[in-house]
Amino acid sequence: MNDKNAVGVDLGTFWLPRQSSTIAAEMDLGWDVAYWLSVFFFVGIVAAMAYFMWRYRRRSENDITSTVDHSLPIEITWTVIPSIMCVGLFLVGFKGYINASIAPAESYEVQVRAQKWSWKFIYPNGTVADELRVPLGKPVRLIMSSTDVLHSFYVPEFRIKADVVPGNYTTVWFEATELGEKQIFCTEYCGDDHSFMLASVIVLEPAKFQEWLQSTEGPPAGVSPVEHGQKLFARNCASCHTVDGTARVGPTLLKVFGKDEKLADGSTVKVDENYLRESILNPNAKVVFGFQPVMSPFKGLLKDHELDALIAYIKELK
Amino acid sequence: MAESLPISAPHGATPSGTNYLNAEKGILSWLTTVDHKRIGVMYLVSTLIAFGAGGFFALLVRLELIAVGQQIMTNKQYNQAFTLHGAIMVFLFIIPSIPGALANFVLPIMVGAKDVAFPRLNLMSLYIYWLGAIICLGAIVGGGIDTGWTFYTPYSSTVDGGVVAMTMGVFVLGFSSILTGLNFIVTLHKLRAPGQDWFRLPLFLWATYATSIIQVLATPVLAITMLLLAAERLFGLGIFDPALGGDPVLFQHFFWFYSHPAVYIMILPGMGIISDVLSVHARRKIFGYRAIAYSSVALALLSFLVWGHHMFVAGQSELASTIFSFLTFFVAIPSGVKVFNWLSTMWGGSISYTTPMLFTLSFLFLFTIGGLTGVFLGMLSVDVHLHDTYFVIAHFHYVMMGGTVMAFLAGLHHWYPKMFGRMYNETLGRISCLLVFIGFNATFFIQFIMGSRGMPRRYYNYLDQYQSMHAFSTVGSWILGLGFLVMLYNLLTSLTKGAVAPANPWGGVSLEWHTPSPPPTENFHDTPTVNNGPYDYDTLRSAK
C-alpha cells in the first residue's frame, strides 16, 4: 500500500503484534489464557470425535447401538467445570480491561479530532499535527471526538481501541515503552476511504518531544511565510479548493485576492485579509454565490502565524 | 406405530402414487397453495437464490482483496459489495432459510399434522418475504447501499443512496419472520399427534420452538429501529444523528437488541438439525435429550441479555461492558453442553458416512472453533484488541457458515429424499462436502491470524504485510465456490435422474419417515399415534 501513513504493524509472536505499551502484556495474558484453554478443548473434542468416528463406524445394518441416553453425574460435570472456567476467564478479561480503562492522573492530554478520512492531533499549546508525537515512558491520554460519523482509534502494538463518536468524547490512554513509529488504523467503517484513514504514532525521547513541541510555537525557521502557507494549503485546503481557476467543492483561490465576490445572499464583498481570515475561521458567515455552506470551521485548528502564512500564500496566487 | 417401515427402495423409475408434488399442476397451483410442503419448497428455492447472490458478492469481495490496491472495483463499489453480501446473507438467507424452508416442510409432518396451524398465514409469510426481497432489490438497483449490514448511524442517516428503501425492505422481511415463528409456536402447542408429549418431539422442533420465541419477541425491535432510522432520514427527527440532537450509540443498542437474538435465530435451528441428523446416521439414541432441549431454551433466553458485547469499545460505560461480558460467558455453557452431548451420541453408535453425516461432522469441527474463538471476544481485555478486526469476521463465519450453513446443508441432504422422492448421488455429495469443508477452512482460518495481527475489517485497501494471507483466503473462496457448484449440480440433476427414494432411506424413527417420499398432500393417510421417542431405534429393529 502506497501511503505515507502506512508504517506497518510489527509482530511480536506468531499471533500478536509487538507489545509496545505498558498495558500490552496484561492484555495479552487474557489472550494466552483463552488460547491455551481453546487448544485444550479443541484437541480434546476433535480427538474424541476422530476416535469415535473410527471406533463406531457402521459395520453392518444390524449393529447394536448403545441405549445409554443420559448420565446425571456427567451432565453436571460438563456444566459446572466450564462454568467455573468461564467465571475465571471473565475475571482475567475484566482485570486487564479496568487497568486499561483508567488513565493515570498525571497523564499528558492530547485532543484527537477524527473526520472523514483523516486524524488531527491537537496539543495543549494549540499545535495541530497529522501524526501523533508522544514522549517515551509517559502516560498519554487521548480525548477524542468526531466531526462527522463514527470512527475508531486503534493502535495494534499498544492494544488500545476506542470508537470516536460525534457529539461525545471518548478516551483511551497508553504509555509507550519503545521508540519508533506505530500504526494507527480507523476500525469503525466510515465510508469511501475508510481503509485510507491511517496515521502514525511517533514515540520520541522526552527531550526530543519537548524540542519538537517548542518548534511548533512560532513560524518554522528558514521558511518564508508563502512557502509555509503553501504547505498548510496542501494539507488543509486542497481537497476542496484549487489554485488553477477551476471550481471544486469550494471556489478556486486563483486571483481571488482583491476581487469583488458575489455572495449567496446577493450582496458583494471585497476579498481582503479580513475576509480571508473570517472565511477560514468561520466559513459559513459569508458564502460565495453558487456554493453550499459545507466547509467546516478552522477556528481553534490554526495558530495566528499559520493564518498569516496562508493569507500570504493566497495573496500570491495571481 | 401402525405403519410398516420400508427401508429398501420400491421398484420403478418414478415415485409412485399421488403426492404433494403431482397432486395439482401449474404455476398457479403453487402460488395459491396453502400446503406447508409446497411453501417450504418455494422458500427453499427463494433462499437458495439469495444464498447464490450473497455468495456472488462474497467472491467479488475476496477477489478484490487478492492484492493491495484496486483490482476489479473502486472503493465505493467494494463498500457496496460487502454491504450486499452481509445484508443478503443475513436477512434473505440465514434467518429465513432453515425455519422457512426445512422447518416449514418437516415440522407439521414430525408432529403428525396435516399442515401448520395457520396455512394461509404461512403463505402470507412467503409473500411478505418476496415483497421484502423485492424492496431490497429495488434499493440495491435504485440507489445502492454502502452502510454495512449493520446500518450504523450517523453514517447511515446522512449518506446518499437507498438506505430508506433498504431499511423498509428489512422492516417488511421482519414481519415474515414474526408470522412464521407465531405459526410454529401454535402448531407445536396445538397440533401434536396423539401420544406425542413435548419430550417425544424431535430435538429439531425444540430448537425451532426456541427460535420462534425469539422471532416473535425480538423482531419487532428491529422494525422499530428501522422505522426510527427512516423517520430520521425522511423527516429530520433527531434520534440517532448528533447533528440533530440524537445519540448514535442508541442506534447500536437498538440494533443489537434485535441482532444479537437474531444470531440465535440463525444458529438454534441448525443445532436442532444436528441433533436429529447425528442421531439418525449414527443410529443411536440421542444422549442427553433433556439437556439439549433445555439448552436451546436457555440460549433463547440468554440471547436477550448479551447484546452489549458488540459494544465494548463503542463508548458505552465500563459498568455496562462488564455486566455484558459476565453474562456473555454463560452463553458458552449451553453451547458446550450441546457439543458434549453430540460427542456422546457418537459414542457407542453405528456411524454411517453419508453426505448428511459428513456435513454434521463438519459442523461439529467448525462450530467448536467458532465457539471457542467467541471466548476470546467475550473477554473484555482481549476484545479491545480484536474488535472490528478480521478475527471477528473469522469467528462469526465459523459460527454462521461453519455452523448454520453446514447444518442447513446436512438437513437439506437429510430430508432431500423426503422432499423430492429421489436420492442424490452419494459420491458427488461427499465430494461437495469435502470441497466445502476444505475451502471454508482455507478461506477463514487464515483470517483469525490476520485479525489477531491487527488487520481491520471492511478495508478496501490494506498494508502490504497482510497481502499473502489475503491471497490465500481468496484462493480458499474459489475452492468453497467449486464445492457449492458440485452440490448444486448434484441436487438439480438428481431431481429427475436420482434413484427413487424409499420412505425411510436412513432408518429414522421420527414421524416424517413413516410416510411415503414424497408425502401425500395431507401428509398421512391416517393420523399417526406416537408410542415412543423420536430416537428409539430399537422399535425399528423389532418392527423388522
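Because the structure is predicted, anything quoted here is derived from the model rather than measured.

Engineer: Which parts of the structure should I look at to understand the overall build of chain B?
Structural biologist: Broken down by element type, chain B carries 16 helices and 0 strands. Its C-alpha radius of gyration of 23 Å places chain B within 12% of the 24 Å reference for a compact globule of 544 residues. Residue pairs in contact within chain B that sit at least 24 positions apart in sequence constitute 82% of those at least 6 positions apart. Accessible area of chain B: about 17,100 Å², with a carbon and sulfur share of 70%. Positive and negative charge centroids in chain B, built from 25 and 22 side chains respectively, lie 10 Å apart.

Engineer: I would appreciate a short explanation of the interface of chain A and chain B in the present structure.
Structural biologist: Bring the parts together and some accessible area is lost; that lost area is often taken as the interface size. With 83 residues of chain A at the contact, the number on the chain B side is 94 residues. Both faces considered, chain A and chain B share a buried interface measuring about 7,600 Å² in area, 66% of it formed by carbon and sulfur atoms. Between chain A and chain B we count 3 salt bridges in total. The partner of Asp192(A) in a salt bridge is Lys76(B), and the shortest N-O contact between them spans 2.9 Å.

Engineer: Can you help me understand the pattern of salt bridges in this one?
Structural biologist: Once the charged atoms of two side chains with opposite charge are near each other, the side chains can pair. Residues and elements named next belong to chain A. Overall, the coordinates contain 21 salt bridges over all chains when judged by the stated rule. A salt bridge links Glu178 to Arg18; the nearest nitrogen and oxygen atoms lie 2.8 Å apart. Separated by 160 residues along the polypeptide, Glu178 in the loop between strand S8 (170-174) and strand S9 (180-186) and Arg18 in the segment before helix H1 (24-55) bring together distant segments of the chain. Judged by its relative accessible area of 19%, Glu178 falls in the buried class.

Engineer: Explanation requested: the sheet that holds S9(A) in the structure shown.
Structural biologist: What links the strands of a sheet is backbone hydrogen bonding, and the strands pair in either a parallel or an antiparallel sense. Residues and elements named next belong to chain A. The 5 strands are arranged S4-S10-S9-S6-S7 in an open sheet whose pairing can be described as mixed. Each of the sheet's edge strands pairs with one partner strand only, and the pair in question is strand S4 (132-135) and strand S7 (160-164). For this sheet, the mean inter-axis angle between neighbouring strands, taken without regard to orientation, is 25 degrees. The pairing of strand S6 (residues 151-155) with S9 spans 2 bridges and is antiparallel. Looking at S9, one finds that Phe153 is bridged to Cys186. Strand contacts of helix H3 (residues 206-215): S4 and strand S10 (199-204), with the helix running at about 135 degrees to S4, the strand carrying the most contacts.

Engineer: Would you explain unusual backbone geometry in this entry?
Structural biologist: Peptide bonds are, in most cases, trans, and in most cases residues other than glycine have a negative phi. Following Lys116(A), the chain continues to Trp117(A) via a peptide bond in cis, the omega torsion being -10 degrees. As for its position among the elements, Trp117(A) is in the loop between strand S1 (108-115) and strand S2 (118-122). Of note, the amide linkage connecting Thr153(B) to Pro154(B) takes the cis form, showing an omega dihedral of -5 degrees. Residue position: Pro154(B) is located in the loop between helix H4 (119-142) and helix H5 (155-158). The residue Arg159(A) is not glycine, and still its phi comes out positive at about 60 degrees.

Engineer: Which parts of the structure should I look at to understand the environment of Thr32(B)?
Structural biologist: All names here are of chain B. Tracing the backbone through its elements, the reader meets Thr32 in the loop between helix H1 (27-31) and helix H2 (36-64). Here Thr32 falls in the exposed class, since its relative accessible area comes to 53%. Put simply, Thr32 and Ser510 are 478 residues apart on the chain and 29 Å apart in space, counted from C-alpha to C-alpha. A distance of 2.7 Å separates a polar atom in the side chain of Thr32 from the backbone oxygen of Leu28.

Engineer: In this structure, what is going on with the pairing of strand S5 (residues 140-146) of chain A? I would like to understand it.
Structural biologist: Look at any regular strand and the pattern is simple: side chains alternate between the two faces of the sheet. Residue and element names in this part refer to chain A. With 6 of its 7 residues buried, S5 lies for the most part within the structure. Inspection of the sheet shows S1 paired to S5 by 7 bridges, in the parallel sense. From the neighbouring strand, Glu109 faces S5, where its bridge partner is Arg141. The pairing of S5 with S8 spans 5 bridges and is antiparallel. Across the sheet, residue Arg141 finds its bridge partner in S8, namely Trp173.

Engineer: Before we go on, may I ask you to explain the environment of Cys136(B) in this structure?
Structural biologist: Residue and element names in this part refer to chain B. As for its placement among the helices and strands, Cys136 is situated in helix H4. Separated by 44 residues in the primary sequence, Cys136 and Leu92 have C-alpha atoms spaced 9.4 Å apart. Those residues in contact with Cys136, other than ones at most four positions away along the chain, are Met166, Gly169, Val170 and Leu173.

Engineer: Even after reading the chapter, I still don't get the sheet that holds S8(A), so can you show me in this structure?
Structural biologist: Sheet architecture is open: 5 strands sit in the order S3-S2-S1-S5-S8 (chain A), paired in mixed fashion. Bordering the open sheet on either side are strand S3 (128-129) and S8 of chain A, each of which pairs with just one other strand.

Engineer: Got a minute to help me understand the nonpolar core in this structure?
Structural biologist: Most often, soluble globular proteins have nonpolar side chains that are buried together. All names here are of chain A. Membership of the largest hydrophobic core comes to 247 residues, with the highest contact counts inside it found for Trp119, Leu132 and Phe153. Sequence-distant contacts of Phe153, defined by excluding residues within four places in its chain, comprise Trp119, Phe121, Leu132, Leu142, Met144, Ile160, Lys161, Ala162, Val164, Val172, Ile184 and Phe185. Grouped together as the second largest cluster of nonpolar side chains are 25 residues, Ile280, Val288, Leu310 and Ile311 included.

Engineer: Whenever I open this one, helix H2 (residues 72-101) of chain A confuses me. Can you help?
Structural biologist: Every α-helical turn comprises 3.6 residues, leaving residues that sit three or four positions apart pointing alike. Given a rise of 1.5 Å per residue, 30 residues ought to cover 44 Å, and the 43 Å separating the end C-alpha atoms of H2(A) matches this to within 8%. Listed in full, the buried residues belonging to H2(A) are Glu75(A), Trp78(A), Pro82(A), Ser83(A), Cys86(A), Leu89(A), Phe90(A), Gly93(A), Gly96(A), Tyr97(A) and Ala100(A). At its buried positions, H2(A) is contacted by H1 and S8 of chain A together with helix H9 (289-302), helix H10 (318-346), helix H11 (355-378) and helix H12 (380-386) of chain B.

Engineer: What should I look at first to understand the state of the cysteines in this one?
Structural biologist: By definition, a disulfide links two cysteine residues through a covalent bond between their sulfur atoms. What the rule picks out here adds up to 0 disulfides over all chains. Free cysteine: Cys240(A), not disulfide-bonded; nearest cysteine sulfur from Cys237(A) at 8.9 Å.

Engineer: Whenever I open this one, the environment of Lys286(A) confuses me. Can you help?
Structural biologist: Residue and element names in this part refer to chain A. Turning to its location among the elements, Lys286 is positioned in the loop between helix H5 (273-281) and helix H6 (304-315). Along the chain, Lys286 and Val269 lie 17 residues apart, while their C-alpha atoms are 8.7 Å from each other. Sequence-distant contacts of Lys286, defined by excluding residues within four places in its chain, comprise Leu263, Tyr275, Glu278 and Ser279. Engagement of the side chain of Lys286 in a polar contact is seen with the side chain of Glu278, the distance being 3.2 Å.

Rules of the game
Residues numbered from 1 in each chain as written. Chains lettered and ligands numbered in written order. Predicted model: local features only at pLDDT ≥ 70, side-chain atom pairs only at ≥ 80, totals over all residues. Heavy atoms only, no water. Helix = DSSP H or I, 4+ residues; strand = E, 2+ residues; numbered from the N terminus. Rg over C-alpha atoms; globule rule 2.2 N^0.38 Å. Contact = heavy atoms within 4.5 Å. Areas by Shrake-Rupley, 256 points an atom, 1.4 Å probe, with all protein chains shown as cover. Lys, Arg positive; Asp, Glu negative; His and termini not counted. Charge placed at Lys NZ, Arg CZ, Asp CG, Glu CD. Buried area = accessible area lost by both parts, 1.4 Å probe. Salt bridge = Lys/Arg side-chain N within 4 Å of Asp/Glu carboxyl O. Buried < 20%, exposed > 50% of the residue type's maximum accessible area, 1.4 Å probe, protein only. Pairing = 2+ DSSP bridges. Axes fitted to C-alpha atoms, helices over the stretch in contact; angles between N-to-C directions. Polar contact = N/O pair within 3.5 Å; in protein donor to acceptor, adjacent residues only side chain to side chain. Core = buried A, V, L, I, M, F, W, Y, C linked by side-chain atoms within 4.5 Å. Expected span 1.5 Å × (residues − 1). Disulfide = S-S within 2.5 Å.

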